Amino acid sequence: MMISELHVLPTTRVAIQAKRWNLNTTVSSPEIDKFRGAMDKFRAEYGIFITTTSFTRGAINAARSGTRVITLIDGEKLLDLVAKYQVFVKPKVVYELDKEFFE
């Protein structure tokens, strides 16, 4: 195979930030702005911001603004993904008594 026949695959830089926050707090827009700055520094085209808590409306708006996509994953969505892909969890069988048994 000649070198001219080789195809170069495009690459995409993705920035990921994952933090465990206190459940009494929410992630606000300044945190998203800082993350976007880190994306700029490393020339990332996409960003994924993961938290164990939730995002404020301002953070959601900040993630949607700009030319690069930032995907937000909050604690609830994170639990859904963990259950869906069974990452770090084991299935558990739960039995419930039929109420008619006692009648």
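Scroll up to find the structure.
The rules we used
Residues numbered from 1 in each chain as written. Predicted model: local features only at pLDDT ≥ 70, side-chain atom pairs only at ≥ 80, totals over all residues. Heavy atoms only, no water. Helix = DSSP H or I, 4+ residues; strand = E, 2+ residues; numbered from the N terminus. Expected span 1.5 Å × (residues − 1). Buried < 20%, exposed > 50% of the residue type's maximum accessible area, 1.4 Å probe, protein only. Arc of directions from axis to C-beta. Contact = heavy atoms within 4.5 Å. Phe/Tyr/Trp six-rings, centres within 6.5 Å; stacked < 30°, edge-to-face > 60°.

(A) Structural context of helix H1 (residues 29-41). The terminal C-alpha atoms of H1 lie 19 Å apart, and with 13 residues this matches the ideal 18 Å at 1.5 Å per residue to within 8%. For H1, every residue scored as buried is listed here: Glu31, Ile32, Phe35, Arg36 and Met39. Along the axis of H1, the buried positions cluster into a sector of 140°, meaning they face one direction only. With respect to the buried face of H1, the exposed residues turned more than 90 degrees away are Lys34 and Lys41. On its buried face, H1 is in contact with strand S1 (14-19), strand S2 (26-27), strand S3 (46-51), strand S4 (54-55), helix H2 (57-64) and strand S5 (69-73). Just beyond H1, the residue with positive phi is Arg43, at close to 55°.

(B) Local environment of the packing of aromatic side chains. For the structure shown, the criterion picks out 2 aromatic pairs. Ring plane angle 75° and centroid distance 5.8 Å describe the contact between Phe49 and Phe55, whose orientation is recorded as edge-to-face. Among the residues examined, Phe49 registers a relative accessible area of 0% and is labelled buried. Site record: aromatic cluster; members linked through ring pairs are Phe35, Phe49 and Phe55.

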